[in-house]
Amino acid sequence: MRSELYIDGKWLKPLKGGTFDVVNPATEEVIHKAPAATADDVDLAVAAARRAFDKDGWPRFSGVERAAYLRAIADGIRNRQAEIARLEVIDNGKPFPEADWDVADAAGCFDFYAGLAEQLDNNVEEPIALPDARFTSKAVREPIGVAGAIIPWNYPLLMAAWKVAPALAAGCTVVLKPAEQTSLSALELAAIADEVNLPAGVLNVVTGAGTVVGQAIIDHKGVDKLAFTGSGPVGSKIMAAAARDIKRVSLELGGKSPFVVFDDADIEEAVEWIMFGIFWNQGQVCSATSRVLVQDGIYARLLQRLVEETKRITIGNGLDDSILLGPLVSKRQYDQVLGAVERARSAGATIACGGGRPEGFDKGYYVEPTILTNVPLDSDAWREEIFGPVVCIRPFASEEEAVALANDSRFGLAAAVMSRDEVRAERVAAAFRAGIVWINCSQPTFTEAPWGGYKESGIGRELGRWGLENYLETKQITRFVGEEPWGWYIKPAETTR
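Residues numbered from 1 in each chain as written. Predicted model: local features only at pLDDT ≥ 70, side-chain atom pairs only at ≥ 80, totals over all residues. Heavy atoms only, no water.

(A) Quick peek at the overall build of the chain. Helix and strand counts for the chain stand at 15 helices and 22 strands. Taken over the C-alpha trace, the chain has a radius of gyration of 25 Å; the compact-globule value for 497 residues is 23 Å, and the two agree within 12%. Over its C-alpha atoms, taken along the principal directions, the chain stretches across nearly 105 × 55 × 40 Å. Here the chain holds 497 residues, and the buried ones make up 55% of them. Across the chain, contacts joining residues at least 24 apart in sequence account for 73% of those joining residues at least 6 apart. Summing over all exposed atoms, the chain offers an accessible surface of approximately 21200 Å²; the carbon and sulfur share of this is 52%. One finds the centroid of the 52 positive side-chain charges in the chain at a distance of 6 Å from the centroid of its 69 negative side-chain charges. (Helix = DSSP H or I, 4+ residues; strand = E, 2+ residues; numbered from the N terminus. Rg over C-alpha atoms; globule rule 2.2 N^0.38 Å. Buried < 20%, exposed > 50% of the residue type's maximum accessible area, 1.4 Å probe, protein only. Contact = heavy atoms within 4.5 Å. Areas by Shrake-Rupley, 256 points an atom, 1.4 Å probe, with all protein chains shown as cover. Lys, Arg positive; Asp, Glu negative; His and termini not counted. Charge placed at Lys NZ, Arg CZ, Asp CG, Glu CD.)

In structure tokens:
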């Protein structure tokens, strides 16, 4: 486990020498001391990224050259996949198979953007047809500059890949700040970048508190672009700060995503997708389909089966075999989730199963998978993101009612619908006010497809070609090719005396 910051191609102790505890959420034990950067370290990182962009020529590398580095990083991740996945488990708490899947996805993300980097060589210029033959014009796509990337703790390496890979592919340089709770794999990504001889300053990783390191990145005049994934309140503050310098910004924020199940759906398949939509990664997923709406005709039967299967979920240390639900990431998150369940109960909700700490776990931030029914529509449990293994389920009568309930939210990240009627499923999908919609499934995510939300769920899109465009500016270049000036102003001839 790394104990230094990665700045300008070097491993450095923080200038003020601080550290913070890394806690295994399954055991509550301190397993490492990670480097705690300050604003002074951020200054060094931004200066290195600025030099790599402005002077050392990273933007002038061809797409093919940048792609070679990205593929080398992908290979480096795969070569250490099991090792990094284990770090994710002891840092985040998720079961090892999930962590292993995440790490493989991160490698795939670097491969995907390597391909897009190569395509940039042929698509960087677009000719523009003009109505005046005396001029030619073209639109040129160029990298924005230095990107400050601030990522969350729920998918540590994968969220780093979602930002670092497209930024480097576009020709940007990066200062990456991982979440304080889960810094280990980001430092390993830096180690891999170092091993493949990525030019110094192109990727810098600074760890520490969001209020210190994150704020320094947000406020830094040398940063051209801010890319953030996390909570809505923090995203709002970043947007306000970015407005001062008119920084480019992309925000992937929270959600309270609905899942509408019609009475023609297969109940067993619906139960499987509902569970995947809320209990995967302990429910610590921004797009989690945490509001489930089930048509009256199958509501009672589906709820019964959902409770039965939820009670069978195996809980424990993510390094143990056959575990499906690990601990939450931290004591703070554990307290917040249990507090949300208690407030729901006080507001009138019924706990159909779960709702507390599982029996037999004296240590670790474990919360039972929880199903809430009779949840008031104006309660926090129904309207606010809990970010844990807690699902709210209620019946509906008509398609119109379901769509109205689904869209009655300040969030608009994701939504899902399940029905054998393909026409109805497409109609409901079109009616959802959300950036990501699933039909007859929940949560499948592909690097090739755009990711982002409506309303308070964010600004911009990640993944696919849209993720690359986050890090590109468009420049117009117009040339005069006529034989004579335009004729707006002719200098008078000099008079002789």
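(B) Spotlight on the nonpolar core. Of all hydrophobic cores here, the largest spans 97 residues; its most connected members are Phe 110, Leu 176, Val 261 and Leu 302. Per element, the largest residue contribution to this core is 12 residues, and it comes from helix α5 (residues 156–170). The contact partners of Val 261, leaving out residues within four places of it in the chain, are Ala 270, Ile 274, Leu 293, Val 294, Gln 295, Ile 298, Leu 302, Phe 396 and Met 418. Membership of the second largest hydrophobic core comes to 30 residues, among which are Val 260, Tyr 334, Val 403 and Val 428. (Core = buried A, V, L, I, M, F, W, Y, C linked by side-chain atoms within 4.5 Å.)

(C) Spotlight on the sheet that holds strand β12 (residues 258–261). The seven strands lie next to each other as β14-β15-β16-β13-β12-β18-β19, forming an open sheet whose pairing is mixed. Both outer strands of the open sheet, β14 (350–353) and β19 (436–439), are each paired with one neighbouring strand and no more. Between one strand axis and the next, the sheet turns through 25° on average, direction left out of account. Where strand β13 (residues 291–295) and strand β16 (residues 390–396) come together, five bridges link them in parallel fashion. Residue pairing for β16: Gln 295 is matched across the bridge by Phe 396. Running over the sheet, helix α13 (residues 399–407) touches β12, β13 and β16 and is turned about 175° from β13. (Pairing = 2+ DSSP bridges. Axes fitted to C-alpha atoms, helices over the stretch in contact; angles between N-to-C directions.)

(D) Structural view of the side chain of Ser 442. Turning to its location among the elements, Ser 442 is positioned in the loop between β19 and β20 (454–455). Among the polar contacts made by the side chain of Ser 442, one reaches the side chain of Thr 289 at a distance of 2.8 Å. (Polar contact = N/O pair within 3.5 Å; in protein donor to acceptor, adjacent residues only side chain to side chain.)

(E) Broad picture of helix α11 (residues 331–346). Along its 16 residues, α11 runs 22 Å from first to last C-alpha, staying within 8% of the 22 Å computed at 1.5 Å per residue. Buried within α11 we find Gln 333, Tyr 334, Val 337, Ala 340, Val 341 and Ala 344. Projected down its long axis, α11 shows its buried positions confined to an angular sector of 130°, all on one face. Facing away from the buried side of α11, by more than 90 degrees, are the exposed residues Arg 332 and Ser 346. In this structure, the buried residues of α11 make contact with β14, β15 (370–373), α12 (380–383) and β16. Just downstream of α11, Gly 348 is the residue with a positive phi angle, here 115°. (Expected span 1.5 Å × (residues − 1). Arc of directions from axis to C-beta.)

(F) Quick look at the packing of helix α2 (residues 63–79) against helix α4 (residues 96–123). The interhelical angle for the contact between α2 and α4, taken along N-to-C directions, is 170°, at an axis separation of 8 Å. Between α2 and α4, the angle is such that the two are roughly antiparallel. Of the residues contributing to the contact of α2 with α4, the split by class is 14 nonpolar, three polar and six charged. (Parallel < 35°, antiparallel > 145°, perpendicular 65-115°, else oblique. Nonpolar A, V, L, I, M, F, W, Y, C, P; charged D, E, K, R; others polar.)

(G) Just the packing of aromatic side chains, in detail. Summed over the entire model, instances satisfying the criterion amount to 15 aromatic pairs. Ring geometry for Trp 153 and Phe 387: centres 5.4 Å apart, planes at 80°, overall edge-to-face. Of this pair, Trp 153 sits in the loop between β7 (146–150) and α5 while Phe 387 sits in the loop between α12 and β16; the two residues are 234 residues apart in sequence, bridging distant segments of the chain. The exposure classification of Trp 153 matches that of Phe 387, with both residues buried. When the ring of Trp 273 is compared with that of Phe 276, the centres are 6.0 Å apart and the planes differ by 85°; the resulting orientation is edge-to-face. Taken together, the positions of Trp 273 and Phe 276, both in helix α9 (residues 267–279) and three residues apart, correspond to about one turn of that helix. Trp 273 gets classed as partly exposed once you look at its relative accessible area, which sits at 26%. Phe 276 sits in the partly exposed class, given a relative accessible area of 22%. Each residue in the set Trp 101, Trp 273, Phe 276 and Trp 280 is aromatic and connected to the rest through ring pairs, giving one cluster. It is Lys 225 that lies over the ring of Tyr 471; its NZ or CZ is 5.2 Å from the centre. (Phe/Tyr/Trp six-rings, centres within 6.5 Å; stacked < 30°, edge-to-face > 60°. Lys NZ or Arg CZ within 6 Å of the ring centre and 35° of its normal.)

(H) Quick look at the environment of Gly 230. Residue position: Gly 230 is located in the loop between β10 (225–229) and α8 (232–245). A residue is classified by how much of its surface remains accessible, and Gly 230, at 23% relative accessible area, is partly exposed. With residues up to four places along the chain from it excluded, the contact list for Gly 230 reads Glu 252, Leu 253 and Gly 254.

(I) Representation of the pattern of salt bridges in the model. Scanning all chains against the criterion turns up 36 salt bridges. The salt bridge partner of Asp 102 is Lys 94, with a shortest N-O separation of 2.6 Å. Overall, Asp 102 belongs to the buried group, its relative accessible area being 5%. One salt bridge in this structure joins Lys 138 and Glu 125, with 3.3 Å as the shortest N-O distance. Taken as a pair, Lys 138 in strand β6 (residues 135–143) and Glu 125 in strand β5 (residues 125–128) lie far apart in primary sequence, 13 residues in all. Judged by relative accessible area, which is 44%, Glu 125 ranks as partly exposed. One salt-bridge network, in which partners are shared between bridges, spans Arg 2, Arg 80, Glu 83, Glu 188 and Glu 195. (Salt bridge = Lys/Arg side-chain N within 4 Å of Asp/Glu carboxyl O.)

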